[in-house]
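Chain and residue survey
The chain contents come next:
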Amino acid sequence: MKREPGIERFGIEAMVEEFEERLAYQIEHKREKSKQLFTMTMLEYYKRVSDSRKEGNPLAFTSVLFWPDLLNSMGLATFPIDQFTIQMIAQGRAQEFILRGEEFGFTKESCSPHIATVGLAASGAFPKPDLQYVTAQGPCDSQAMLGEALNHIFGNPPIFWLNMPYRDDDETVEYFKEELWDMVEFTTKHTGLKYNEEKLREMQENSKICEEYFTKYHELRKLVPSPIRNREAFSSLGPRTTSEGWPILNEFMKVQYEEIVDRVKNGVAAIPEERHRLVLSGAAPFWCMKIFDWLEEEFGAVIVVDYMNSYARDPMGDTSDPLDCLARKALRTNFGGRVNFTPSPPHAEYMAKVALESQADSAIFFAHFGCRQTCGQYRIIVEVLKEIAGINCAVIDVDIGNPAVVSEAQMKYQIAQYFEVLEASQAAKVVKSAKSVELPKYDDLDGNPGYAVVF
Amino acid sequence: MIEKFRELFSKRYQLAKERGDQGQKVIGWVCTYVPEEIIYAAGMLPFRVVGGGHAETPLADGYLYTNLCTFSRNCLEEGLSGKLDFLYGYVSCNTCDHIRRLFDNWMKFLKTPYTKILGVPVKVTEATIKYFTKDLVHFKEELEKIEGKGISEEALRNAIAVYNRTRTQLEELYELRKADAPPITGAEMMEVIRAACVVPRDRYNQLLEDLLAEVKTRETKPGDDRYRLLIYGSELDNPDYLQLIEDLGGIVVFDDLCMGSRYFRDPVGLNGDPLRALAERYLTKPLCPRMHPTPKRVEYLREQVKDYKVEGVIHQALKFCDLHSSQFPMSQAMFKELDIPVLNMEREYAMAGHGQIKTRVSAFYESLEGRRVQR
């Protein structure tokens, strides 16, 4: 792949440098430990990818919701390529690559991070992968076609299609173990790397701890007032996508949880005056994460339930057969398994029940232009939220990666109208934090607006 | 003769309702990965759900957001408007994001007594065939429960034979299209195939046999100079679309459409466990882009270009169809290698924009004519 001039500013090495700078800034300015650990986790991951290339080891492209444990346990570095693009989007650096992706021929109506990923690849931002692993049909068709497009762009490197089954019963777990084993054999065939049961077990043990912290952390959002800020709620998705099973991730998850527990003990809420407890569904506009700060500031709205974190799942089980454990996790525990491959009504019902438990009073559904998966269930979510939790939901047009589709002002206008109507129909209750706290500006926290993102 | 197929399709609701009134359960199905044979073997009537071709879908728009394809919204419109109330069942697959969410909405908001979604794997391996076979076992068991009687292996084998007969005859018709002067047009072929999806199969097979005999005796013009076209892409079930293209001077000699060759191609094997044979056939039949990897499909298209002596290719994709639209650059690259011109058209499910289609197709034919002259 020919590298276009200046493209090195957008590559993996550039990301390593950026996270190094960010960490230095956070240490110097004594940012919270969890924020430093977030950066350290991401930095360790990017170094893993970068070093793999430098040392001549194989590199595998994967995607969001492709948990890295199995391949990492075999010694294969994984690079969830669309996660990288989402990070770029959050930093406002991907716009030109959307146009480049459309130029390649990837449909302009598709999910913008995928279009931008094609654009980045076609511009030479990424090294050629030795292998590709793609899940289908989850999270979505657009992602599957991204896998195909990248395979074409990079000259058809060996590709493994991980079929994500629709069902998640025991019969399916057995089948999915076979799928994972096929993946192991494919990897061994193309890299010589062997299945390492002990290492995978260790990573599953780590994953189990991570999952426990994740669950406990999000349980805290049920407290009134909520101790977790809007953007903080999404901060584990990126690290989990890139580093599931690695010790540093657990350290981040643990410290992040403990910091929130401390807030609770000290009577500190997420924001000084909580007026609305919000359910967030659909896909968030990654390019405009500051809209979540605006929700806090303008309406005292704290997200207590959301599509990416609030889903029914089983706790992780026995790790004695780590492949079995991973199969169960992929189908029954993690985000991809529950939300994207199962029928939406049960998911909507679960979310509505959590909304009820969380005393939510408001809801926003972000209808992302490029996403059929989420938009195809908007009515179900709207109806079920009303039926079970008595909440009226606003449907807001967005594009998660492309500001040209729906602007910040348009989104804000629609949201403001919703709250205006909502507040007119209810006497908004104000829940004050026990201690008066200054609402910090996110952009100042770490010197980079892309901090709290998400995948 | 073709008129008969058209008429049967246009009266499909009435005909299916009559069957329902007579006590036969009508099972709606969506997407060509649903094995009709199992429904037939259960003594039920398989009935393909397609849209009504409405330019507007006011009811469905309230359920499926505007960025879902107009095919799925048209199907839901038929359901919400009560036209499909005669259905006892609605069977779908996880074909694509649109169809999966169509199923979710159908299940949640419509009162069809039986709903089922088959989890069709996205690739073909021994493990996926085995797993899909299990899905079909569950499907069969559920139909048995509804009817209160078992579906015997013999009934399944008989159903396979009946459906294979359709496949053989349709394949014969496709063979005839390889001729220098094809005796049947693309629009006619689509009339024939879409009737297959809704007319009771025994009656249909007889009609098809008669048609085959008739087409074989058709006189063809020597020196047929119509442009030989291959059309492929998203769900397209309106023969008028092909008619419009053909009226301008072309003839569709091959299609890769789910209301075309992807519906019937490749018979079901007759040996061994019939459900396993069905799973194998439905996973290995000509692929749509929801099956991976893409290069396999691209190679298949390359072969068809050669077999059917194709001069030009028309790719049509429904707006918001991620699978077909995003696969286009890969297949386009292959056609480029073969030096075959490609016309790429975006469309909505309902027939619209005749003028624009005419202009673009005419310009495409001019480029094909230019190439003929150069050669």
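I will try to describe carefully the structure that is included in this document. Numbers given for residues are sequential positions, taken from 1 along each chain in its written order. A letter from A marks each chain and a number from 1 marks each ligand, given out in the order of writing. This being a predicted model, a pLDDT of at least 70 is required before a residue's local features are given, and a value of 80 or more before pairs of side-chain atoms are given or counted; all residues contribute to the totals for chains, interfaces and linings. In computing side-chain values, all of the structure's heavy atoms are included and hydrogens and water are not.

The next thing to look at is the overall build of chain B. Elements are defined by DSSP. Helices are runs of H or I of four residues or more, strands are runs of E of two residues or more, and each kind is numbered from the N terminus. Across its full length, chain B carries 15 helices and eight strands. The C-alpha extent of chain B, read off along each of the three principal axes, is 65 × 45 × 40 Å. The buried share among the 375 residues of chain B stands at 62%. In chain B, once contacts between residues fewer than 6 apart in sequence are set aside, the share between residues at least 24 apart is 75%. With an accessible surface of roughly 13,600 Å², chain B has 49% of that area assigned to carbon and sulfur atoms. For chain B, the distance from the average position of its 53 positive side-chain charges to the average position of its 55 negative side-chain charges is 3 Å. Three labels apply to residues, based on accessible area from a 1.4 Å probe with only protein chains included: buried if under 20% of the type maximum, exposed if over 50%, partly exposed otherwise in between. Every residue pair with non-hydrogen atoms within 4.5 Å of one another is taken to be in contact. Using a 1.4 Å probe, accessible areas were evaluated by the Shrake-Rupley method; residue-level cover was limited to the displayed protein chains. For this count, His and the chain ends are skipped, Lys and Arg are scored as positive, and Asp and Glu as negative. To locate a charge, take atom NZ for lysine, CZ for arginine, CG for aspartate or CD for glutamate.

Attention now goes to the sheet that holds strand S2 (residues 77-80) of chain A. By way of backbone hydrogen bonds, the strands of a sheet pair with one another, either parallel or antiparallel. All names here are of chain A. Should DSSP find at least two bridges between two strands, the strands are taken to pair. On the basis of which strands lie adjacent, the open sheet formed by four strands has the order S2-S1-S3-S4 and parallel pairing. Two strands in the sheet have a free side with no partner beyond their single neighbour: S2 and strand S4 (159-163). Each adjacent strand pair in this sheet contributes to an overall mean axis angle of 25 degrees, direction not counted. Bridging between strand S1 (residues 59-62) and strand S3 (residues 131-136) involves two bridges; their strand directions are parallel. When the bridges of S3 are listed, phenylalanine 61 appears paired with glutamine 132. Note on method: axes are straight lines fitted to C-alpha atoms, helices fitted across the in-contact stretch only, with angles between N-to-C directions ranging 0 to 180 degrees.

Take the pattern of salt bridges next. For salt bridges, the criterion is a side-chain nitrogen of Lys or Arg within 4 Å of an Asp or Glu carboxyl oxygen. Inspection of the entire model under this criterion finds 75 salt bridges over all chains. A salt bridge links Arg165(B) to Glu209(B), with the nearest nitrogen and oxygen atoms 2.1 Å apart. Of this pair, Arg165(B) sits in helix H7 (residues 153-176) while Glu209(B) sits in helix H9 (residues 201-216); the two residues are 44 residues apart in sequence, bridging distant segments of the chain. Overall, the relative accessible area of 33% leaves Arg165(B) in the partly exposed class. Each member of the salt-bridge network shares a partner with another, and the members are Asp69(A), Glu211(A), Arg240(A), Glu244(A), Arg313(A) and Lys329(A).

Buried accessible area, meaning the area lost when the parts come together, often serves as the stated size of an interface. Contact with chain A, which involves 54 residues of that partner, is made by 50 residues of chain B. Note: buried area is the sum, over both parts, of the accessible area (probe 1.4 Å) each one loses when the two are combined. Summing both partners gives a buried area of about 4,400 Å² for chain A against chain B, and 55% of it is carried by carbon and sulfur. Counting the surface chain A buries against chain B, the share from its top three residues, Gln137(A), Tyr166(A) and Arg372(A), is 17%. Here a polar contact is recorded for every N or O atom pair within 3.5 Å, except that within protein the pair must consist of a potential hydrogen donor and a potential acceptor, and residues adjacent in sequence are included only if both atoms are side-chain atoms. Here chain A is connected to chain B by 30 residue pairs in polar contact (both at pLDDT 80 or more). Top contributing element to the side of chain A that touches chain B by residue count: helix H7 (residues 141-153) of chain A, with seven residues. Residue composition of the side of chain A that touches chain B, grouped by class: 23 nonpolar, 17 polar and 14 charged. Gly is put with the polar residues, along with every residue not named as nonpolar or charged; the nonpolar set is Ala, Val, Leu, Ile, Met, Phe, Trp, Tyr, Cys and Pro, and the charged set is Asp, Glu, Lys and Arg.

This part covers helix H4 (residues 70-80) of chain B. Residues and elements named next belong to chain B. Here H4 lies mainly inside the structure; 10 of its 11 residues are buried. Regarding H4, the residues found buried are Thr70, Phe71, Ser72, Arg73, Asn74, Cys75, Leu76, Glu77, Glu78 and Gly79. Two residues or fewer past H4, glycine 82 is found with a positive phi of approximately 90 degrees.

All names here are of chain A. Expected span, for any helix, means 1.5 Å times one less than how many residues it has. Here H7 contains 13 residues, and its C-alpha end-to-end distance of 18 Å stays within 8% of the 18 Å for a straight helix at 1.5 Å per residue. Among all positions of H7, only Asp141, Ser142, Gln143, Ala144, Met145, Leu146, Gly147, Glu148, Ala149, Leu150, Asn151 and Ile153 are buried. Where H7 ends, the next residue or the one after it, glycine 155, has phi of about 75 degrees, a positive value.

Before going further, it helps to examine the packing of H7(B) against H9(B). Residue and element names in this part refer to chain B. Between H7 and H9, the least distance of the axes is 10 Å, while the angle of their chain directions is 20 degrees. By the angle class used here, H7 and H9 are roughly parallel. In this structure, the crossing between H7 and H9 has a hand that is left-handed. Across from Val162, Tyr163, Arg165, Thr166, Gln169, Leu170, Glu172, Leu173 and Leu176 in H7, the residues of H9 making contact are Arg201, Asp202, Tyr204, Asn205, Gln206, Leu208, Glu209, Leu211, Leu212, Val215 and Lys216. Of the residues contributing to the contact of H7 with H9, the split by class is 10 nonpolar, four polar and six charged. Any angle from 65 to 115 degrees is called roughly perpendicular, while one under 35 is roughly parallel, one over 145 is roughly antiparallel, and all others are oblique. Crossing handedness is read from the near helix: turned anticlockwise from the far helix by less than a right angle, it gives a left-handed crossing, and turned clockwise, a right-handed one.

Moving on, we get to the environment of Arg228(B). Residue and element names in this part refer to chain B. In this fold, arginine 228 is placed in strand S5 (residues 227-233). Distance in space between the C-alpha atoms of arginine 228 and cysteine 69 is 29 Å, their sequence separation being 159 residues. In contact with arginine 228, not counting residues within four places along its chain, are Arg177, Lys178, Ala179, Asp180, Pro182, Ile251, Val253, Tyr308, Lys309, Val310, Glu311 and Gly312. Side-chain polar atoms of arginine 228 contact the backbone oxygen of alanine 179, separated by 2.8 Å.

Residues and elements named next belong to chain B. Taken in spatial order, the four strands line up as S6-S5-S7-S8 in an open sheet, and their pairing is parallel. With one partner strand each, in any of the chains shown, strand S6 (250-256) and strand S8 (342-347) form the two edges of the open sheet. Across the sheet, the mean angle separating the axes of adjacent strands is 25 degrees when strand polarity is ignored. Strand direction decides the pairing type here: S5 and strand S7 (residues 312-318), joined by five bridges, are parallel. The partner of glycine 233 across the bridge, within S7, is glutamine 316.

The subject of this paragraph is the side chain of His347(A). As for its placement among the helices and strands, His347(A) is situated in helix H15 (residues 344-357). Ignoring any residue separated from it by four or fewer positions in sequence, one finds His347(A) in contact with Tyr307(A), Ser310(A), Tyr311(A), Val339(A) and Gln377(A).

Time to look at the pairing of S3(A). Remember that side chains alternate between the two faces of the sheet whenever the strand is regular. Residues and elements named next belong to chain A. Counting buried positions along S3 gives six out of six residues, so the element sits mostly inside the fold. Because side chains alternate across S3, one face comprises the buried residues Leu131, Tyr133 and Thr135, and the other comprises Gln132, Val134 and Ala136, equally buried. Where S3 meets S4, five bridges bridge the pair, whose relative direction is parallel. When the bridges of S4 are listed, tyrosine 133 appears paired with phenylalanine 160. Crossover handedness is defined by viewing with both strands directed away from the observer: a clockwise path from the first strand over the helix to the second marks the crossover as right-handed. Between the parallel elements S3 and S4, the chain passes through H7 in a crossover that is right-handed.

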